[in-house]
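# Structural overview for review
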Amino acid sequence: MELQEVLRMNGGEGDTSYAKNSAYNHLVLNKVKPVLEQCIRELLRANLPNINKCIKVADLGCASGPNTLLTVRDIVQSIDKVGQEKKNELERPTIQIFLNDLFQNDFNSVFKLLPSFYRKLEKENGRKIGSCLIGAMPGSFYSRLFPEESMHFLHSCYCLHWLSQVPSGLVTELGISTNKGSIYSSKASRLPVQKAYLDQFTKDFTTFLRIHSEELFSHGRMLLTCICKGVEFDALNAIDLLEMAINDLVVEGHLEEEKLDSFNLPVYIPSAEEVKCIVEEEGSFEILYLETFKVLYDAGFSIDDNYPVRSHVQVYSDEHIKAEYVASSVRAVYEPILASHFGEAIIPDIFHRFAKHAAKVLPLGKAFYNNLIISLAKKPEKSDM
Ligand code: SAH
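Conventions and cut-offs
- Residues numbered from 1 in each chain as written.
- Predicted model: local features only at pLDDT ≥ 70, side-chain atom pairs only at ≥ 80, totals over all residues.
- Heavy atoms only, no water.
- pLDDT = per-residue confidence, 0-100.
- Contact = heavy atoms within 4.5 Å.
- Pairing = 2+ DSSP bridges.
- Helix = DSSP H or I, 4+ residues; strand = E, 2+ residues; numbered from the N terminus.
- Axes fitted to C-alpha atoms, helices over the stretch in contact; angles between N-to-C directions.
- Expected span 1.5 Å × (residues − 1).
- Salt bridge = Lys/Arg side-chain N within 4 Å of Asp/Glu carboxyl O.
- Buried < 20%, exposed > 50% of the residue type's maximum accessible area, 1.4 Å probe, protein only.
- Parallel < 35°, antiparallel > 145°, perpendicular 65-115°, else oblique.
- Left-handed = near helix turned anticlockwise from the far one by under 90°.
- Nonpolar A, V, L, I, M, F, W, Y, C, P; charged D, E, K, R; others polar.
- Core = buried A, V, L, I, M, F, W, Y, C linked by side-chain atoms within 4.5 Å.
- Bend = angle between axes of the 7 residues up to and from the residue.

In this section: the confidence of the model for the chain. Counting all residues, the mean pLDDT for the chain is 85, and 85% of those residues have values of 70 or more. This stretch, residues 307-317, has a pLDDT under 50; its non-local contacts, to residues over four places away or in other chains, come to 16 contacts.

Spatially, seven strands are ordered β3-β2-β1-β4-β5-β7-β6 in an open sheet, and the strand pairing comes out mixed. Looking at which strands have only one partner, the edges of the open sheet turn out to be β3 (132-136) and β6 (285-296). Across the sheet, the mean angle from the axis of one strand to that of its neighbour is 15°, orientation sign disregarded. Two elements, strand β2 (residues 94-100) and β3, share five bridges in a ladder whose sense is parallel. Counterpart to Ile95 in the pairing with β3 is Cys132.

The next subject is helix α10 (residues 347-361). For α10, built from 15 residues, the straight-helix expectation of 21 Å at 1.5 Å per residue is met to within 8% by its first-to-last C-alpha distance of 21 Å. For α10, the elements touching its buried residues are α6 (238-251) and α9 (319-342).

Turning our eyes to something else, we now look at the pattern of salt bridges. By the definition in use, this model includes 15 salt bridges. A salt bridge links Asp199 to Lys195, with the shortest nitrogen-to-oxygen separation between them at 2.7 Å. Taken together, the positions of Asp199 and Lys195, both in helix α5 (residues 191-215) and four residues apart, correspond to about one turn of that helix. By relative accessible area, Lys195 is classed as exposed at 52%. In this structure, the salt-bridge partner of Glu214 is Arg210, at a minimum N-O distance of 3.6 Å. Of the two residues, Glu214 and Arg210 both sit in helix α5, four residues apart, roughly one turn of that helix. Using a relative accessible area of 39% as the deciding quantity, one classes Arg210 as partly exposed. If you follow the salt bridges from partner to partner, you end up with Arg144, Arg210, Glu214 and Glu215 in one network.

When two helices pack together, their arrangement is given by the angle between the helix axes and the distance between those axes. Helix α8 (residues 272-282) packs onto α5 with a crossing angle of 50° between their chain directions and a minimal axis gap of 10 Å. It follows that α5 is oblique to α8 by the angle criterion. For the pair α5 and α8, the crossing hand works out as right-handed. The residues of α8 that touch α5, namely those facing Leu198, Phe201, Thr202, Phe205, Thr206, Leu209 and Arg210, are Glu274, Val275, Ile278, Val279 and Glu282. For the contact of α5 with α8, the class distribution of residues is seven nonpolar, two polar and three charged.

Moving on to the nonpolar core. Membership of the largest hydrophobic core comes to 115 residues, with the highest contact counts inside it found for Phe205, Tyr334 and Phe354. The leading source of residues in this core is α9, at 11 residues.

Turning next to unusual backbone geometry. The residue Ala63 is not glycine, and still its phi comes out positive at about 55°. Summarising the element assignment, Ala63 is placed in the loop between β1 (54-60) and α3 (66-85). For His219, which is not a glycine, the phi torsion comes out positive at approximately 70°. With respect to the helices, strands and loops of the structure, His219 is situated in strand β5 (residues 216-228). The class of His219 is partly exposed, set by a relative accessible area of 36%.

With that out of the way, let us pick up the packing of α9 against α10. Between α9 and α10, the shortest axis-to-axis distance is 8 Å and the interhelical angle comes to 140°. As judged from the angle between their axes, α9 and α10 are oblique. Viewed along their axes, α9 and α10 form a crossing whose handedness is right-handed. Residues Glu319, His320, Ala323, Glu324, Val326, Ala327, Val330, Arg331, Glu335, Leu338 and Ala339 of α9 touch α10, and the partners they reach there are Ile347, Pro348, Phe351, Phe354, Ala355, Ala358 and Ala359.

A large share of β1 lies buried, amounting to six of its seven residues. Two elements, β1 and β2, share seven bridges in a ladder whose sense is parallel. For Lys56, the partnering residue across the bridge sits in β2 and is Gln96. As defined by bridge partners, β1 adjoins strand β4 (residues 151-157) across three bridges and the pair is classed as parallel. What sits directly across from Val57, in β4, is Phe153.

The terminal C-alpha atoms of α9, which comprises 24 residues, lie only 28 Å apart, well short of the 34 Å expected from a rise of 1.5 Å per residue. The largest bend in α9 is about 60°, located at Tyr334, with the proline Pro336 one to four residues further on. A large share of α9 lies buried, amounting to 20 of its 24 residues. Just past α9, the residue Gly343 takes up positive phi, approximately 95°.

Dropping the structure here:
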């Protein structure tokens, strides 16, 4: 099956949906907000074609649920705040925002929220209905989404680790897996596995930069936030815990070893240096700002009103409850792709074991994603200079 057909976050609004399990990303977006504002400030100074009339923006890999519109709200608020600083309040530009994700994404649940979102923007931000227009542009962000030189600003948060495909070269000519017992390229992976993943990431990210630089006007901006490798060797990320959980099921005899060996996630976690090198090598963008930060997996727990257990559990410090909480948020992301390979029936078992491992590492503060924010400006063509 094509990756595009199985890759999606859990849709809808049920207990296992991404919509109900994405408080972690909410925290990441909060970290991004000041950088976003600065990025918009610089963009509005750069005087791009038609920008004072209609700013064209896209969020690449928007998913569905509260974070989708949170990102949009942050973008709109940044544009309006910077506009006020420039004292051109009376001439607020129209904002056209395209939400992009793969075809299987639950766009409909986002569309249903739009009427109340527009009303809220009007009430809280004075944005008249019709002055912010939100639409969708489904498709892979590794392929062309917008006409040439038509966009001012592209935003993407927590998406670039998703590759366009599982790297080739993870199976020998004899059909033997080179990544036995593992589901991605971790710190402990064999060198050929690490190389196969890095090659695929380099290819995909280079394509991403090239295609989207063509879609942007000269001096247009791109703000990318992605997971990146940290320096702490003993830290465990969500995929390490997932891998441990699946290995448990093999050891316990619930899953065939071959089933694990033939599964590799189309996910690569690059180092900040790798990202920087690829941007420089591709050459279309100038790096304006780069920052790394970490967010602990259970950090969202105390702010998350959606988590179903919270309403009847008072002992918030209980590590097992936090571990279940982290397991739910990881399940919302990986369930569709895991179910397509391992079957739906084993999913609860995987996340039950995941939670057991999480409960051991969460109190040590060793379970987190390291993150990278990188702000880019499209270099002008020689003829534009
Ligand atoms: N930006 C959101 C969602 C992050 S989840 C947030 O910050 O909360 C990552 C999203 O990227 C998923 O919805 C997934 O479907 C999407 N995605 C992964 N690969 C993609 C691709 N090639 N093209 C478009 N979207 C993709």
